[in-house]
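# Observations on the three-dimensional arrangement
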Amino acid sequence: MTKTTLSPIIAGTMNWGVWDKNLNQKEMENMIHVCYENKITTFDHADIYGSYTTETDFGKAYNSSKIARENIQLISKCGIQMISENRNNTIKHYDYSKKHIIESVEQSLKNLHTDYLDVFLLHRPSPLMQADEIAEAVTQLKSEGKIIDFGLSNFTTSQTELIRQKTTVSYNQVQFSATYFEPMMDGSFDYMQLHNIRPMSWNPLGSVFRADVPQTRRLKNLLANLVSKYHLGSDTIFLSWVLQHPANVIPIAGTVNIARIQSLHKAVELKLDKEDWFAIWSESMGNEVP
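Residues numbered from 1 in each chain as written. Predicted model: local features only at pLDDT ≥ 70, side-chain atom pairs only at ≥ 80, totals over all residues. Heavy atoms only, no water.

### Concerning helix α8 (residues 214-230)
Between the first and last C-alpha of α8 there are 24 Å, a value that for 17 residues agrees with the 24 Å anticipated at 1.5 Å per step. The largest bend along α8 measures about 25° and falls at L223. Considering only its buried residues, α8 is in contact with α9 (234-243) and α12 (274-285). (Helix = DSSP H or I, 4+ residues; strand = E, 2+ residues; numbered from the N terminus. Expected span 1.5 Å × (residues − 1). Bend = angle between axes of the 7 residues up to and from the residue. Contact = heavy atoms within 4.5 Å.)

In structure tokens:
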């Protein structure tokens, strides 16, 4: 069970820094306020974002925002070792040693100007990860108050079970959208519901607006009718589709467009008609349900 309460939609910070939008401190501070004012109080990070720089930039912006720490929630991840001028790695790899996990969390706390992470995740599974060693690190970090909840990211059910046998897993951050719905088909969401693991969804809008293929064309044709019916934008409708799955998925929205951020929470209030939910899935598949 989770001890944390996250906002129904999470702000993803991966593109806030040098990897994409390159927001300066004032712009980042404004973005934090815009999210906060629109009921998005949880911010998703990873140590590698911005080639190990975005956490620090966010931390400075958050520190100047004057928003009370108890009013927001911070997520971060570790484990991916990238080739970067900010690291001495010679090849991209994964590290889940107890030493690295603890040092990574402590560095994230320093970067983000906080005493604790609400949620700490392992970023991607490694063939060399030792469940006992991971559990030791998590137990120590929890006992020291440096993390509240622990989870995973991009882990399969068997990989999750391996870790869960040694320590409580409260979250798994996976790819899930109307154009990529594997977790609800391969048993991942069933497993998470059985074991009280809350899914987070990265890329919850999928590839509808990024790819021009038969799948996205079908969905865009359907969307024209749904936008007219619900009087809401495409983003809102797609997020609502994700939110309606009984696994209680939390979408991670990476947009920095203020108008879009202001409309995101409408997805929480929108209840798609059941036939419309199935219409989105059917058009994505290219055929009716079995």
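There's plenty left to go through after this.
### Focus: the pattern of salt bridges
Per the stated rule, a full pass over the model turns up 13 salt bridges. Two residues, D132 and K166, come together in a salt bridge whose shortest N-O distance is 3.2 Å. Of this pair, D132 sits in helix α5 (residues 131-143) while K166 sits in the loop between α6 (157-164) and β8 (171-175), and the two are 34 residues apart along the sequence. Given the relative accessible area of 44%, K166 is considered partly exposed. In the salt-bridge network here, residues are joined through shared partners; they are E106, E144 and K146. (Salt bridge = Lys/Arg side-chain N within 4 Å of Asp/Glu carboxyl O. Buried < 20%, exposed > 50% of the residue type's maximum accessible area, 1.4 Å probe, protein only.)

### Overview of the pairing of strand β7 (residues 147-153)
As a general feature of sheets, a regular strand has side chains that alternate between the two faces. Burial analysis of β7 places six of its seven residues in the buried class, the great majority of the element. Taken together, the five bridges between strand β6 (residues 117-122) and β7 define a ladder with parallel strand orientation. Across the sheet, L121 pairs through a bridge with G151, a residue of β7. A crossover connection joins β6 to the parallel β7 through α5; in handedness this β-α-β unit is right-handed. Across three bridges, β7 lies against β8 in parallel orientation. Counterpart to L152 in the pairing with β8 is N172. (Pairing = 2+ DSSP bridges. Right-handed = clockwise from strand over helix to strand, strands pointing away.)

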